[in-house]
Amino acid sequence: MDNTQKKKKLFRLPKRKELVYLAMLLPAILITLVFSYLPMSGILLAFKEKFMPRLGIWGSPWVKGNPFKWFVEIFKVPKFSTAIWNTLYINLIGILINAPAPLIFALLLDEVRNSFKKGAVQTISFLPHFLSSAAIISITLSMLSQYGLINNLLEMVGREKIMFRSIESAFLPTYYIVGLWTGIGWGSMLYVSALSSVPVELYEAAKIDGAGRFRQVMTISMPCLMPTFAINMIFFIGNIFASSFDLIYGLQSDVWTTEVIATATYKFGLINGEYEITTALGLLQGVIGLMLTMGTNFLTKKVADVSMW
């Protein structure tokens, strides 16, 4: 193919089918640009001495001397360093709970042979994922209230009622249980799909060799699920400094006061007007998340030959 033909192919008019695809993608592209990329200019506040609304982001004075002043200040202010530690601690425990739970749930679902029962369990487990954060928080607080479902059951069996909202140590278990309830069904979807693609002949051959059901799961099902598990781990590790703002902020009370990066950024940035340091905190969170995602992707590619790119 000569240069003239190559140029013609490069600058050819798009076909009708391609125009239709582009038209379908255009709203998503515009939304992403407007709500995700254009607001990124706000990260300049992390390098500003003081944000002055009348001057705008670009007109506000730059930090004099050390341009990373606010990044250093983050670790000097107890409320922010505590929020960073809480975010890391909560997510590390969350990975231990939420990473294997969908996989185990998918394996249990795979053992259900009745298609109607299997479909019913899947549907019920998926439903919480589609509830709004406000609905989930309202249901949770209602169940934990003095006259809620849990205390009514305790009263029925002759036990004293527990004021969960007045016990500080009850916050994290509640957060993990609610997160597991809302995410386990949706998280298992990829594993269920992966299991459905495993050739039946492998299980039949294992049966002939005398392998029991547990042995089949460990030697056939689990290895087939490991690539999907590795991809999920990349997301989990990448989000280790992120957290569910809606759930944590909605559950907070006078006793449940655990702060994470997301809630600290909202309270001290938008409410108290500490825009510069909270912008620096958010930018630091994003950079660390990117580095962790790339690092985990590199490791999984080297160890298991599985990666996102």
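Residues numbered from 1 in each chain as written. Predicted model: local features only at pLDDT ≥ 70, side-chain atom pairs only at ≥ 80, totals over all residues. Heavy atoms only, no water.

**Some remarks on the overall build of the chain**
Here comes step 1: For the chain, the count of helices and strands is 16 helices and zero strands.
Here comes step 2: Principal-axis analysis of the C-alpha atoms places the extent of the chain at approximately 85 × 75 × 40 Å.
Here comes step 3: A total of 309 residues make up the chain; the buried ones form 32% of that total.
Here comes step 4: When contacts within the chain are restricted to residue pairs at least 6 apart in sequence, those whose partners lie at least 24 apart make up 64%.
Here comes step 5: With an accessible surface of roughly 19,600 Å², the chain has 68% of that area assigned to carbon and sulfur atoms.
Here comes step 6: Taking the 27 positively charged and 18 negatively charged side chains of the chain as two groups, their mean positions are separated by 11 Å. (Helix = DSSP H or I, 4+ residues; strand = E, 2+ residues; numbered from the N terminus. Buried < 20%, exposed > 50% of the residue type's maximum accessible area, 1.4 Å probe, protein only. Contact = heavy atoms within 4.5 Å. Areas by Shrake-Rupley, 256 points an atom, 1.4 Å probe, with all protein chains shown as cover. Lys, Arg positive; Asp, Glu negative; His and termini not counted. Charge placed at Lys NZ, Arg CZ, Asp CG, Glu CD.)

**Re the packing of aromatic side chains**
Here comes step 1: All chains considered together, the criterion is met by 12 aromatic pairs.
Here comes step 2: Ring centres of F245 and Y249 lie 5.2 Å apart, and the angle between their planes is 15°; on these two criteria the pair is classed as stacked. A residue pair is termed a helical-turn pair when its members lie 3 or 4 positions apart in one helix, as F245 and Y249 do in helix α14 (residues 245-251) at four residues.
Here comes step 3: On the accessibility criterion, Y249 (34% relative accessible area) is partly exposed.
Here comes step 4: Chaining the aromatic ring pairs together yields one cluster made of F47, F68 and F71. (Phe/Tyr/Trp six-rings, centres within 6.5 Å; stacked < 30°, edge-to-face > 60°.)

**Points about the environment of G148**
Here comes step 1: Looking at the element boundaries, G148 is found in the loop between α8 (133-144) and α9 (149-156).
Here comes step 2: Under the relative-accessibility criterion, G148 is labelled buried at 5%.
Here comes step 3: If we skip the residues at most four places from it in the chain, G148 touches S142 and M143.

**Details of the pattern of salt bridges**
Here comes step 1: Under the defined criterion, the tally for this structure stands at six salt bridges.
Here comes step 2: One salt bridge in this structure joins E111 and R213, with 2.8 Å as the shortest N-O distance. Taken together, the residues E111 in the loop between α6 (100-110) and α7 (115-126) and R213 in helix α13 (residues 213-238) connect sequence positions 102 residues apart.
Here comes step 3: Classification of E111 by relative accessible area gives partly exposed; the value is 30%.
Here comes step 4: Across the pair E259 and K267 runs a salt bridge whose closest N-O atoms are separated by 2.6 Å.
Here comes step 5: E259 sits in the buried class, given a relative accessible area of 17%. (Salt bridge = Lys/Arg side-chain N within 4 Å of Asp/Glu carboxyl O.)

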